[in-house]
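# A look at the structure
Chain by chain, the residues:
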Amino acid sequence: MPESDHHPGRTPAHVVAYQHPELAGVLLCREHGESWAGLTPLTADDLPHGGFCGWGTSDMHVCGRTLPAKKPQQ
């Protein structure tokens, strides 16, 4: 996985998700992760099987947006 070099508000186009550095498996989509400092930006290559955004609210609403997986080589 890439080093955490996140700069809020300046997300490169190739970043598809963010991973929490201390909570294994916690992924956030670009919308919900780009304003959190300290998250590790990920590309589709870092997500061979894709994933889902785990951002949620106190009333149990979860984003659940599908995060793109690495495209199979042809």
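Details of the structure are given in the entry above.
Residues numbered from 1 in each chain as written. Predicted model: local features only at pLDDT ≥ 70, side-chain atom pairs only at ≥ 80, totals over all residues. Heavy atoms only, no water.

### Describing the overall build of the chain
- Summing up its helical and strand segments, the chain has one helix and five strands in all.
- Secondary structure of the chain in N-to-C order comes out as β-β-α-β-β-β.
- The buried share among the 74 residues of the chain stands at 31%.
- Split by element, the accessible area of the chain, about 5200 Å² in all, is 54% carbon and sulfur. (Helix = DSSP H or I, 4+ residues; strand = E, 2+ residues; numbered from the N terminus. Buried < 20%, exposed > 50% of the residue type's maximum accessible area, 1.4 Å probe, protein only. Areas by Shrake-Rupley, 256 points an atom, 1.4 Å probe, with all protein chains shown as cover.)

### A look at the environment of Gly-33
- Inspection of the secondary structure assignment puts Gly-33 in helix H1 (residues 30-33).
- By relative accessible area, Gly-33 is classed as buried at 0%.

### Some details on the sheet that holds strand E3 (residues 40-42)
- As summarised here, the arrangement of the three strands in space is E2-E1-E3, forming an open sheet in which the pairing is antiparallel. Where the open sheet ends on each side, the last strands, each with one partner, are strand E2 (27-29) and E3. Sheet twist, expressed as the mean angle between neighbouring strand axes with direction ignored, is 35°.
- Bridge analysis of strand E1 (residues 17-19) against E2 gives three bridges, and the strand direction is antiparallel. Opposite Tyr-18, over in E2, you have Leu-28 as the bridge partner. (Pairing = 2+ DSSP bridges. Axes fitted to C-alpha atoms, helices over the stretch in contact; angles between N-to-C directions.)

### As for the nonpolar core
- Within the largest apolar cluster, twelve residues are counted, these being Val-15, Val-16, Ala-17, Tyr-18, Leu-27, Leu-28, Cys-29, Leu-39, Leu-42, Leu-47, Cys-53 and Leu-67.
- The set of elements that each furnish at least two residues to this core consists of E1 and E2.
- No other element matches the three residues that E2 contributes to this core. (Core = buried A, V, L, I, M, F, W, Y, C linked by side-chain atoms within 4.5 Å.)

### Some words on unusual backbone geometry
- Even without a glycine there, the phi angle at Met-60 is positive, about 75°.
- As for its position among the elements, Met-60 is in the loop between strand E4 (51-52) and strand E5 (66-67).

### Focus: the pattern of salt bridges
- Evaluated as defined, the whole model comprises one salt bridge.
- A salt bridge links Arg-65 to Glu-31, with the nearest nitrogen and oxygen atoms 2.9 Å apart. Taken together, the residues span a long stretch of sequence, with Arg-65 in the loop between E4 and E5 and Glu-31 in helix H1 at a distance of 34 residues.
- Arg-65 gets classed as partly exposed once you look at its relative accessible area, which sits at 39%. (Salt bridge = Lys/Arg side-chain N within 4 Å of Asp/Glu carboxyl O.)

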